[in-house]
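# Structural description and commentary
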Amino acid sequence: MHRTNFIVREPLLDPKQRVIGYELSWKIDDGQPVTGVALEALVGFVADNVIDAQRRWLLRDKILFLDAVPPMLSTDALHAMPPERTVLTMKAADMADPVTLSAVQGLRAGGVGISVRDGDLGNLGKSLGKNLGMSASYIEVRFSGADVASQARTYAALKQSTVRMVGRPVTTWADFDACAALGLDAFVGKLHLTPRPGHPVKGMNPAQAIILQLMHMVMANDDIPKIEGVLKRDPALSYKLLRFINSVGFGSGSGRDIQSLRQAIGLLGYAPLYRWLTLLLATASTSGYSPVLMETAVVRGRLAELLGAPALGHGEGENLFVAGMFSLLDRLLGLPMKEVLDTIQLPDDVVRALLTRGGKYGPYLALAEACELNSNLVAPLARSLGKSPLEVNKAHLSALAWAQNVGAA
């Protein structure tokens with residue numbers, strides 16, 4: 001499957017819009033239903049790419065939600081996944097079968113999460129009764145504003161159990177706020193890509209203004225003492241740079257940490273410094289709905305870089321990364337993209353990619369975005385760039401892991 005189809009992802013958000021996990025699935029070109037064999041292949045492929053040779057989970061605290069059917073519940077691929085980070089989504093109708101229910105409860109006893117889909121909450125409570133917590137860790141609920149009072153009573157009863165509630169799909173900010181108020185634990189959907197109405201434009205905060213000034217200085221190849229002088233105006237930023245450069249081992253050879261900003265800038269170099277500042281510019285946002293946007297921007301930047309660097313060259317990879325990172329900067333800053341670009345000096349090809357998805361970088365950025373949207377454009381974009389499903393899928397999971405482990409993310 002990983003050689004013929006593409007992995008797409010959707011974030012799972014908590015009520016504060018932080019990413020607590022991802023739902024991964026196959027994008028099947030011909031519209032055919034996904035088979036149990038395909039779902040088993042997805043589990044195996046994910047395990048091969050987000051667990052390293054030392055059996056460490058590369059997604060840190062993130063949980064992965066993966067669709068499942070009864071025949072795959074005993075697959076060996078599941079044993080490779082850390083149970084506490086794995087949630088299998090089952091249809092409620094499948095849980096009615098005693099054999100399947102027994103297998104599910106065995107997985108739950110071993111720590112694997114189970115999410116139940118397409119089930120009536122009242123009927124589930126009756127059919128599983130006291131065994132609800134032994135059979136499910138999550139239940140998907142479909143919020144409707146039509147009868148909020150009735151839903152509130154149902155949710156309140158469910159909150160007394162250990163089962164968590166996942167809202168799907170939550171398509172408007174009003175529904176998101178209502179679900180959060182009713183006590184839902186998590187939400188699946190692409191709402192974070194939709195501006196929240198009524199929120200005032202924020203623009204750049206003081207930290208971002210200094211970061212932007214430093215980016216201009218780095219691009220202009222200003223002297224290190226001048227860059228150091230600007231850095232010293234922001235103690236928090238200076239601390240972050242020293243912490244970053246010591247965390248990546250520059251000082252390990254001498255046996256002591258690097259404490260000089262001038263030495264840190266010289267050791268890091270201008271291109272890596274610009275990349276680090278790019279990450280900081282996005283993650284310095286104080287927007288109330290920025291956590292998921294920040295993580296999405298980091299994944300998108302890294303994925304665009306991994307997709308394009310082999311064909312365009314390593315030097316172009318930096319520009320691809322910047323294009324991906326900045327593709328959400330308008331949302332993070334609360335400004336129109338054109339206005340954002342008026343304040344940042346970027347190569348013409350990066351600007352073209354951001355405004356029109358054109359030029360040599362635009363198609364790679366568009367492909368990285370399509371992997372987030374379960375879009376029919378994934379396959380044709382990949383073909384136009386000469387990228388196989390295997391290449392895209394490996395790059396996608398690599399970018400997801402990289403975003404969890406990069407210091408500024």
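Now for a quick tour of the structure. Computed from a predicted structure; not experimentally measured. (Residues numbered from 1 in each chain as written. Predicted model: local features only at pLDDT ≥ 70, side-chain atom pairs only at ≥ 80, totals over all residues. Heavy atoms only, no water.)

### Quick look at the side chain of Arg9
Using the following cut-off: For helices the rule is a DSSP run of H or I covering at least 4 residues; for strands it is a run of E covering at least 2, with both sets numbered from the N terminus onward. Burial here depends on accessible area, computed with a 1.4 Å probe over protein chains only, as a share of the maximum for the residue type. Under 20% is buried, over 50% is exposed, and the range in between is partly exposed. Any pair of nitrogen or oxygen atoms within 3.5 Å is treated as a polar contact; in protein, a donor-acceptor pairing is required on top of that, and neighbouring residues in sequence qualify only through side-chain atoms on both sides. In this description, contact between two residues means that some pair of their heavy atoms is separated by no more than 4.5 Å.
Inspection of the secondary structure assignment puts Arg9 in strand 1 (residues 6–13). Classification of Arg9 as buried rests on a relative accessible area of 4%. Here His396 takes part through its side chain, which lies 2.9 Å from a polar atom of the side chain of Arg9. Once residues within four sequence positions are removed from consideration, Arg9 is found in contact with Tyr22, Glu23, Leu24, Thr296, Val299, Cys371, Glu372, His396 and Leu400.

### Points about the nonpolar core
Under the convention used in this document: Within this scheme, the nonpolar core is defined by two criteria: the residues are buried Ala, Val, Leu, Ile, Met, Phe, Trp, Tyr or Cys, and they are joined through side-chain atoms within 4.5 Å.
Counting 130 residues, the largest nonpolar core has Leu88, Leu214, Leu241, Phe326 and Leu346 as its most contacted members. Per-element accounting of this core gives the leading share, nine residues, to helix 14 (residues 290–312). Other than its neighbours up to four places away in sequence, Leu346 contacts Tyr274, Val322, Phe326, Leu341, Val351 and Leu354. Counting residues in each nonpolar core, the second largest holds nine residues, with Leu12, Ile20, Ile63 and Val188 among its members.

### Quick look at helix 10 (residues 224–231)
Put simply, the test is: To obtain the arc, one takes the directions from the helix axis to the C-beta atoms.
Within helix 10, burial applies to Ile227, Glu228, Val230 and Leu231. Taken around the axis of helix 10, the buried residues stretch over an arc of 160°, which confines them to a single face. Against helix 9 (206–219), helix 11 (235–247), helix 12 (261–268) and helix 13 (270–283) lie the buried residues of helix 10.

### Concerning the pattern of salt bridges
Using the following cut-off: What counts as a salt bridge is simple: a side-chain nitrogen of Lys or Arg found within 4 Å of a carboxyl oxygen of Asp or Glu.
Enumeration over the complete set of coordinates arrives at 22 salt bridges. Between Asp61 and Lys62 there is a salt bridge, and its shortest N-O distance comes to 3.6 Å. Across the salt bridge formed by Arg168 and Glu140, the nearest N and O atoms sit 3.0 Å from each other. Of this pair, Arg168 sits in the loop between strand 7 (164–167) and helix 8 (173–182) while Glu140 sits in strand 6 (residues 138–141), and the two are 28 residues apart along the sequence. There is no split in this pair, since Arg168 and Glu140 are both buried. Ionic contacts of the salt-bridge type, sharing partners, join the residues Arg9, Arg300, Arg357, Glu369 and Glu372 into one network.

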